[in-house]
Amino acid sequence: AIRLAQMTGWISFTLLAIYGHIGEVEDGMHTLTPPHTLVDAPDATELKVDKGEIVFEDVTFGYGRDVGGVEGIRLTVKPGEKLGIVGASGAGKSTLLSLLLRLYDPEKGRVTIDGQDISKVTQESLRAAIGMVTQETAMFNRTARDNIVYGRPEATEDELISAAEKAEAHEFILDMEDHKGRQGYEAHLGERGVKLSGGQRQRIALARAMIKDAPILVLDEATSALDSEVEAAIQEALERAMEGKTVIAIAHRLSTISDMDRIIVLDHGRIAEEGTHDELIARAGLYARFWDRQSGGFAREAAE
Ligand code: ADP
Ligand code: MG
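Residues numbered from 1 in each chain as written. Chains lettered and ligands numbered in written order. Predicted model: local features only at pLDDT ≥ 70, side-chain atom pairs only at ≥ 80, totals over all residues. Heavy atoms only, no water.

This paragraph deals with unusual backbone geometry. In the Ramachandran plot, E168 falls in the positive-phi region, its phi being about 60 degrees despite a non-glycine side chain. Relative to the assigned elements, E168 resides in the loop between α5 (157-166) and α6 (170-174). With a relative accessible area of 30%, E168 lands in the partly exposed category. Here H268, not a glycine, exhibits a phi torsion of approximately 45 degrees, which is positive. (Helix = DSSP H or I, 4+ residues; strand = E, 2+ residues; numbered from the N terminus. Buried < 20%, exposed > 50% of the residue type's maximum accessible area, 1.4 Å probe, protein only.)

The structure is reproduced here in C-alpha cells:
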C-alpha cells in the first residue's frame, strides 16, 4: 500500500511537472491547457540515447483550424550542440519544446532522438532523457529534498547537496522554513508550502536537472526579470549544467543565448532565420531588429 501511494505520488508529480511547465502566463491569462494524454504504443521500445542528436523532420502541428502551432520545421540539433530559439510571443517556441517532450504528436513529419521516432518509444524513457529548467516548473507538495531528487530518486545526500550548490540553490534552501516549522531540505514546497520566487523555482529546477544528468537539456527562460546578481549566478550555473549536453534554450533576453552554437528565429510557426549571433546580426533581419531594440540585452520587446 505504501508503494502504491508512493507511485501515485510520483505519477501526479510527473503530471504536475509536465503541465506546470506548459502553463504559461501570457497577456495576463493562464494559457494552460492540459493536452490529451498520449499513451505508449503497445510495441513501444525504450529510447536509447548515446549521442543526443535531435531531429525535427519537416514537422507540422496546429492546435486547431488555423490557430497557432508550427509548420514545416526542419531542424537538426547535433549531439552536444547548444541551440537558442528566439521569436515573438506566439511564434511557436514553446510548441516546439512540447513536441520534443511529446506532449503532442506532430500532424506531419516526426521528431527523432538518435534516430528513434519519439512517438514509438515509452514516455518514461523519453522523459528520462530530457532535463527541463523553467521558472514555471511546478513544485510538488513535498520537501525541498524530494523536489530535487525527483530527478533521480536514488541519489545520495552528497549528490543532493552538490547539485543544489552547483545550481546556486543550497544557500536559500538552508534559510527556508515552512508554516509547520520544517527547515532547510525538510521544508515543504508547493502550493501549501514555502512560496518560491521565479528565480528560486528556476534554481530548484536546475538542481533537479543536474542530479538527473540527462543527455538533453531544455531551457525555457521566463520573461520576468531577475535581479542582476541572481541573474549572473544562474547564468553561471546554467552554463555548468549545459556542459556535454545537447541543449535547446528559449531565451527572451538575447544576451543569454548570444554565444550559443546556433540560434533559430521562429516567426509565425516557421523558422525564419538561423545562424550564429554574428551571422544573424550581419543579416540585418528579425534577429538583428530584436537585438537592436534591446537596451542592455533585455528583449522586452522581442517577447511582445
Ligand atoms: P511562444 O512560446 O513562441 O510564445 P507558443 O508555442 O506558446 O508560442 O504558441 C504558438 C501559437 O500557438 C500561438 O499562436 C498560440 O496562441 C498558439 N497556442 C499555444 N498553445 C495553445 C493551446 N494550448 N491551444 C491553442 N492554441 C495554442
Ligand atoms: Mg512560450
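What follows covers the nonpolar core. The tendency in soluble globular proteins is for nonpolar side chains to be buried side by side. The biggest cluster of nonpolar side chains holds 46 residues, and the ones touching the most others in it are I148, I173 and M176. Tallying contributions element by element places helix α7 (residues 198-212) first for this core, with seven residues. Discounting chain neighbours no more than four positions away, the residues touching I148 are L160, A164, I173, Y185, I204, A207, R208 and I211. If you look at the next biggest cluster of nonpolar residues, it comprises 32 residues, including Y104, V121, L126 and I248. (Core = buried A, V, L, I, M, F, W, Y, C linked by side-chain atoms within 4.5 Å. Contact = heavy atoms within 4.5 Å.)

Once that is clear, we can look at the sheet that holds strand β7 (residues 116-117). The strand order β4-β3-β6-β7 describes an open sheet built from four strands, whose pairing is antiparallel. Two strands close off the open sheet at either side, each with one partner strand: β4 (70-77) and β7. Examined bridge by bridge, strand β3 (residues 54-61) and β4 share five bridges and lie antiparallel to one another. The residue bridging V55 from the neighbouring strand is T76, located in β4. Taken strand by strand, helix α2 (residues 93-100) contacts β3, β4 and β6 (108-113), and its axis lies near 115 degrees from that of β3. (Pairing = 2+ DSSP bridges. Axes fitted to C-alpha atoms, helices over the stretch in contact; angles between N-to-C directions.)

Attention shifts here to the site of ligand 1. With respect to spatial proximity, 14 residues lie near ligand 1, and among them G90, G92, K93, S94 and T95 are the closest. Protein contacts shield 71% of the accessible area of ligand 1, which totals 550 Å² for the unbound molecule. Of the residues forming the shell around ligand 1, the biggest block, three residues, is contributed by α2. In terms of residue class, the shell around ligand 1 is made up of four nonpolar, eight polar and two charged. (Near = heavy atom within 4 Å. Areas by Shrake-Rupley, 256 points an atom, 1.4 Å probe, with all protein chains shown as cover. Nonpolar A, V, L, I, M, F, W, Y, C, P; charged D, E, K, R; others polar.)

One pass over the full model with this rule turns up 17 salt bridges. A salt bridge links E57 to R110; the shortest N-O distance between them is 2.9 Å. Residue E57 is located in strand β3, and its partner R110 is located in strand β6; the two are separated by 53 residues in the primary sequence. With a relative accessible area of 32%, R110 lands in the partly exposed category. Across the salt bridge formed by E71 and R270, the nearest N and O atoms sit 2.9 Å from each other. (Salt bridge = Lys/Arg side-chain N within 4 Å of Asp/Glu carboxyl O.)

Take the packing of α7 against helix α8 (residues 228-242) next. Following both chains from N to C, one finds α7 and α8 inclined at 15 degrees, their axes separated by 11 Å at the closest point. With respect to α8, the element α7 is oriented roughly parallel. In this structure, α7 crosses over α8, and the sense of that crossing is left-handed. Residue-level inspection shows G199, Q202, R203, L206 and M210 of α7 in contact with α8, the latter providing V230, I234, A237, L238, R240 and A241. Class assignment of the residues belonging to the contact of α7 with α8 gives a composition of seven nonpolar, two polar and two charged. (Parallel < 35°, antiparallel > 145°, perpendicular 65-115°, else oblique. Left-handed = near helix turned anticlockwise from the far one by under 90°.)

Between α5 and α7, the least distance of the axes is 8 Å, while the angle of their chain directions is 130 degrees. In terms of axis orientation, α5 runs oblique to α7. As for how α5 packs across α7, the hand of that crossing is right-handed. From α5, E159, L160, A163, A164 and K166 reach across to α7, where they touch A207, M210 and I211.

Bringing α7 into the picture now. Given a rise of 1.5 Å per residue, 15 residues ought to cover 21 Å, and the 21 Å separating the end C-alpha atoms of α7 matches this to within 8%. Of all 15 residues that make up α7, eleven are buried, and the element is covered over most of its length. For α7, every residue scored as buried is listed here: G199, Q202, R203, I204, A205, L206, A207, R208, A209, M210 and I211. A positive phi of about 55 degrees marks D213, the residue just after α7. (Expected span 1.5 Å × (residues − 1).)

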